[in-house]
Amino acid sequence: MPIETIKKVILGLALMAVFAYFFLLPKSPALLPSSLTGLQQLKASSQVAVPYRIALNNHLPTVIEFYADWCTTCQAMPPTVRQIEKEYEHKINWVMINIDRPEYTYLIEEYNVEGVPQFIFFNTQQVVQEILMGKIPSSLLVEPVHSLLNFDDTSPNQELR
């Protein structure tokens, strides 16, 4: 076999190896974008969230977070949300509703969810006090939580924000 043919075969194999490395082989978790970690955090958070039916009946203020697994903004929110949730643990319900699950269609319609993430803040009587949508910084997300915890149930003139 002539040396030129051998060089062409080796070059061809090297090009195929480079192509396979960049386009065909699965990437290791360390090389994937942080959205994988965000998705894992989102799923973990939803597993420990207060179920909707329990939140309706335990007389605590409630935050419902409507989300979707495919939503990169939703995947970025868990660290912010969990920090607030942990700070107010046992004082407020944090409910997570995946909009892609058919059993929650009625909630999406009832609360007119138009995008994700969407946060709906309810007082102890389950009356909506605030609605926020999108990537919310911690400083803005905590304001309605503070309002819920300072809500005076006996005040007949309590205004909605």
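Quick caveat: nothing in here was measured; it's all calculated off a predicted structure.

1. A few points about the packing of aromatic side chains
Scanning the entire structure with this criterion turns up three aromatic pairs. Residues Phe-66 and Tyr-111 carry aromatic rings whose centres are separated by 6.3 Å and whose planes lie at 55° to one another, so their mutual orientation is tilted. Taken as a pair, Phe-66 in strand β1 (residues 62-67) and Tyr-111 in the loop between α6 (105-110) and β3 (118-122) lie far apart in primary sequence, 45 residues in all. Comparing Phe-66 with Tyr-111, the two get one shared label, buried.

2. Quick look at the environment of Leu-56
Within the secondary structure layout, Leu-56 lies in helix α3 (residues 52-57). On the basis of relative accessibility, which here comes to 29%, the residue Leu-56 falls in the partly exposed class.

3. Structural notes on the pairing of β1
Where burial is concerned, most of β1 is hidden: six out of the six residues are buried. Burial along β1 is two-sided: the face carrying Thr-62, Ile-64 and Phe-66 and the face carrying Val-63, Glu-65 and Tyr-67 are both buried. By the bridge criterion, six bridges tie β1 to strand β2 (residues 93-98) in an arrangement that is parallel. By the bridge assignment for β2, Tyr-67 is matched with Asn-98. As paired elements, β1 and β3 share five bridges and run antiparallel to each other. Bridge pairing links Phe-66 to Gln-118 in β3.

4. A word on the packing of helix α5 (residues 78-87) against helix α7 (residues 138-149)
One way to put it is that α5 packs onto α7 with a least axis distance of 10 Å and a crossing angle of 35°. When the axes of α5 and α7 are compared, the crossing they make is right-handed. Across the interface between the two elements, Thr-80, Val-81, Gln-83 and Ile-84 of α5 pack against Ser-138, Leu-141, Val-142 and Val-145 of α7.

5. Some details on the pattern of salt bridges
Across all of its chains, the model carries four salt bridges by this definition. Between Lys-43 and Asp-69 there is a salt bridge; the shortest N-O distance is 3.0 Å. Here Asp-69 lies in the loop between β1 and α4 (72-76) and Lys-43 lies in helix α2 (residues 35-48), a separation of 26 residues in the sequence. Look at Lys-43 and you get partly exposed, because its relative accessible area is 41%. Arg-82 is the salt-bridge partner of Glu-85, the closest N and O atoms lying 2.6 Å from each other. With Glu-85 and Arg-82 both in helix α5, this residue pair falls three residues apart, about one helical turn. Take Glu-85: its relative accessible area is 18%, and that puts it in the buried class. Through salt bridges with shared partners, a single network forms among Glu-65, Arg-82 and Glu-85.

6. Examining α7
Over its twelve residues, α7 runs 17 Å from end to end, which matches the ideal 16 Å to within 8%, given 1.5 Å per residue. Those residues of α7 that sit buried are Leu-141, Val-142, Pro-144, Val-145 and Leu-148. Around the axis of α7, the buried residues are gathered within 155° of arc, so they sit on the same side. Next to the buried residues of α7 lie β1, α5, β2, β3 and β4 (128-133).

Basis of the calculations
- Residues numbered from 1 in each chain as written.
- Predicted model: local features only at pLDDT ≥ 70, side-chain atom pairs only at ≥ 80, totals over all residues.
- Heavy atoms only, no water.
- Phe/Tyr/Trp six-rings, centres within 6.5 Å; stacked < 30°, edge-to-face > 60°.
- Helix = DSSP H or I, 4+ residues; strand = E, 2+ residues; numbered from the N terminus.
- Buried < 20%, exposed > 50% of the residue type's maximum accessible area, 1.4 Å probe, protein only.
- Pairing = 2+ DSSP bridges.
- Axes fitted to C-alpha atoms, helices over the stretch in contact; angles between N-to-C directions.
- Left-handed = near helix turned anticlockwise from the far one by under 90°.
- Contact = heavy atoms within 4.5 Å.
- Salt bridge = Lys/Arg side-chain N within 4 Å of Asp/Glu carboxyl O.
- Expected span 1.5 Å × (residues − 1).
- Arc of directions from axis to C-beta.

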